[in-house]
Amino acid sequence: MARKGLIQREKKRQKLEQKYHSIRRSSKKEISKVSSLSEKWKIHGKLQSSPRNSAPTRLHRRCFSTGRPRANYRDFRLSGHILREMVHACLLPGATRSSW
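Residues numbered from 1 in each chain as written. Predicted model: local features only at pLDDT ≥ 70, side-chain atom pairs only at ≥ 80, totals over all residues. Heavy atoms only, no water.

Worth spelling out the cut-off: UniProt positions are given in the numbering used here, feature names are shortened, and annotations may be inferred rather than shown by experiment.
An unreviewed UniProt entry lists the protein chain under the name Small ribosomal subunit protein uS14c, from Trapa natans. Per UniProt, the protein chain has the following entry under Sequence similarities (unreviewed entry): "Belongs to the universal ribosomal protein uS14 family." On record in UniProt, under Subunit (unreviewed entry), the comment for the protein chain is "Part of the 30S ribosomal subunit."

Notes on the overall build of the protein chain
Put simply, the rule is: A helix here means a DSSP run of H or I that spans at least four residues, while a strand means a run of E at least two residues long, and both kinds are numbered starting from the N terminus. When we talk radius of gyration, it's over C-alpha atoms, and the globule rule is simply 2.2 Å times the number of residues to the 0.38. Whether a residue is buried, partly exposed or exposed follows from its accessible area with a 1.4 Å probe, protein chains only, as a fraction of its type maximum: under 20%, in between, or over 50%, in that order. The contact criterion used throughout is that any non-hydrogen atoms of two residues lie within 4.5 Å.
Tallying secondary structure elements over the protein chain gives three helices and two strands in all. Starting at the N terminus, the α and β elements of the protein chain follow one another as α-α-β-β-α. The C-alpha radius of gyration computed for the protein chain amounts to 20 Å, which surpasses the reference 13 Å derived for 100 residues by more than 25%, pointing to a less compact arrangement than a globule. Principal-axis analysis of the C-alpha atoms gives the protein chain an extent of 60 × 30 × 20 Å. Expressed as a percentage of the 100 residues in the protein chain, the buried residues total 24%. A fraction of 36% describes how many contacts in the protein chain between residues 6 or more apart in sequence connect residues 24 or more apart.

Some remarks on the pattern of salt bridges
Our working rule: When a carboxyl oxygen of Asp or Glu lies within 4 Å of a side-chain nitrogen of Lys or Arg, that pair is called a salt bridge.
As enumerated under the stated definition, the model contains one salt bridge in all. For the salt bridge of glutamate 10 with arginine 13, the shortest nitrogen-to-oxygen distance reads 3.7 Å. Here the residue glutamate 10 and the residue arginine 13 both occupy positions in helix α1 (residues 4–33), the gap between them amounting to three residues, near one helical turn. Assessed through its relative accessible area of 5%, glutamate 10 is described here as buried. Using a relative accessible area of 18% as the deciding quantity, one classes arginine 13 as buried.

See below:
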């Protein structure tokens, strides 16, 4: 199990990213439309004034059941060893067992 504080921090980052998503997208579109360099710098400064944790690159996928940050499968939102246990227990329909 991951520490509860790390999971809560990740949820906080997701909320911030959703809050600032439209602002970041609109300012990036403005940068591409503007031709003068000084105007681009002003818009870029406004983009940088948003919180760092609102950037989508700071988000990290975590396992749905354990909160593990590594070796996640996007389709199932599970880490590798939990996915393997569920497949062996026949809890995921359509997945075939394999012995690694």
